[in-house]
Amino acid sequence: MFLETKNLTKKFGGLTAVNNVDFSIEKGKINAIIGPNGAGKSTFFNLISGFHPPSSGSIILKGQDITNMPPNKIAEMGIARTFQTTNLFEQSTVLDNVIVGHRLRTKSNLMDAVLRTKRLKREEDRCREKALEVIRFTGLEKVAGKLVGSLTQEEKKRTAFALALATEPEIVFLDEPAAGVNPDETEGLAQLMKKMVDTGITVCLIEHKMQMIMKLADKIMVLNYGEKISEGTAEEIRNDPAVIKAYLGG
Ligand code: ADP
Ligand code: MG
């Protein structure tokens, strides 16, 4: 199994945000997590990416237990994520934002940097090259020099993708990647996710846009009040009475 959670649980005081969730992410596929507001979807991502320690349960990546690893270590293991409210530097250019994203992965040693400026220069060049590559991949060439603050919502979403891709991940977790963009732009972002999968990256996304998810996802997990209430293909989910009930608020 590529990445799996076992009995994963997160409690915030008396509230159980994620309750005993077993989920396995399939390699090279588009995996999705859906569920009503407050169902625990973002918290689930926060657990996997190391931003919150789980209350109990475990997270296994390619057979290795990564539970309780710090976020930077998890990023080094090939797991990248975007945030629901994009955490971009609005006063910097797209290119600079992406270069910073890449640096997080290359972790050059400060002493090395001081002693060997040549090596540092090589690393800087490599950073820039990688940033330009992911900017092309995400279709942002034309706005690479613009300030992020001046971009459209869709371009910001693409920049968040680029930032995640700059760390050369094996899996990307995208939290509501199409929130606040129009249907045409949503389709463009869906195509970009397919392109990621075509290059061998595994995708896991949280999304509210049902039509998009039903067309795009190979595998879907449904959370409700922190619990997994259903899992399967779009067809299986669509016809599951538990899912219908959760969405109708029954
Ligand atoms: P979703 O992404 O599915 O909308 P969240 O994972 O953001 O849901 O939230 C799940 C539940 O956990 C909500 O009730 C939310 O208020 C609560 N929650 C999320 N993060 C925290 C936190 N850092 N501290 C306390 N409660 C939190
Ligand atoms: Mg959320």
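Owing to the predicted nature of the structure, the values given are computational and were not obtained by experimental measurement. Every residue gets a number counted from 1 within its own chain, in the order that chain's sequence is written. Key to labels: chains lettered from A, ligands numbered from 1, both in the order written. Local features in this predicted model are restricted to residues whose pLDDT is 70 or higher, and side-chain atom pairs enter the listing and the counts only when it is 80 or higher, whereas totals over whole chains, interfaces and linings include all residues. Note that water and hydrogens are dropped before the side-chain values are worked out from all heavy atoms of the structure.

Caption draft 1: Region of the structure containing the sheet that holds strand E9 (residues 219–224). Strand order in the open sheet made by the six strands is E6-E7-E8-E3-E9-E10, with mixed pairing throughout. Among the strands making up the open sheet, the edge pair consists of strand E6 (79–81) and strand E10 (227–232). Adjacent strand axes in the sheet meet at a mean angle of 20° when their direction is disregarded. Pairing between strands requires that DSSP locate at least two bridges from one strand to the other. Only DSSP runs of H or I covering at least 4 residues are called helices, and only runs of E covering at least 2 are called strands; the numbering of each starts at the N terminus. Across four bridges, strand E3 (residues 30–34) lies against E9 in parallel orientation. When the sheet's bridge partners are listed, asparagine 31 is paired in E9 with lysine 219. Contacts are residue-level and defined by heavy atoms, with any inter-residue pair within 4.5 Å sufficient. For every element, the axis is a line fit to its C-alpha atoms; helices are fit only across the contacting stretch, and the angle between N-to-C directions ranges from 0 to 180 degrees. In the packing of helix H7 (residues 183–198) onto the sheet, contacts are made with E3, strand E7 (171–175) and strand E8 (202–206), and the angle to E8 comes to roughly 150°. The sheet contacts of helix H10 (residues 241–248) involve E3, E9 and E10, and relative to E10 the element is tilted by about 130°.

Caption draft 2: Representation of the pairing of strand E4 (residues 56–61). Sheet topology note: the strand E1 (residues 3–12)/E4 ladder contains five bridges and is antiparallel. Residue pairing for E4: threonine 9 is matched across the bridge by serine 56. Looking at chain direction, E4 and strand E5 (residues 64–65) are connected through two bridges and run antiparallel. Directly across from leucine 61, in E5, lies its bridge partner glutamine 64. If you look at the hairpin formed by E4 and E5, you'll find two residues sitting between the two strands, and lysine 62 has a positive phi there, around 45°.

Caption draft 3: How the structure looks around unusual backbone geometry. For asparagine 7, which is not a glycine, the phi torsion comes out positive at approximately 50°. Relative to the assigned elements, asparagine 7 resides in strand E1. Of note in the backbone geometry, asparagine 20 takes a positive phi value of approximately 55° without being a glycine. Looking at the element boundaries, asparagine 20 is found in strand E2 (residues 15–25). Accessible area is worked out with a 1.4 Å probe on protein chains only. A residue is then buried under 20% of its type maximum, exposed over 50%, and partly exposed in between. Owing to a relative accessible area of 46%, asparagine 20 belongs among the partly exposed residues under this scheme.

Caption draft 4: Molecular detail of the nonpolar core. One finds Val98, Val172, Met193, Met196, Val203 and Ile220 to be the most contacted residues of the largest nonpolar core, which totals 47 residues. Top element by residues in this core is H7. It accounts for six residues. Throughout the structure description, domain borders are defined by an automatic or database domain assignment. Formed jointly, this core draws a minimum of three residues from each of two domains, domain 1 (1–78 + 169–250) and domain 2 (87–168). If sequence neighbours within four positions are ignored, methionine 193 has contacts with Ile30, Phe161, Leu174, Pro177, Val203, Leu205, Met212 and Leu216. In terms of nonpolar packing, the next biggest core, distinct from the first, is built from 25 residues, Ile25, Ile48, Ile66 and Ile206 among them. Working definition of a nonpolar core: buried Ala, Val, Leu, Ile, Met, Phe, Trp, Tyr and Cys residues. They are joined through side-chain atoms within 4.5 Å.

By themselves, these observations are geometric and do not establish any function.
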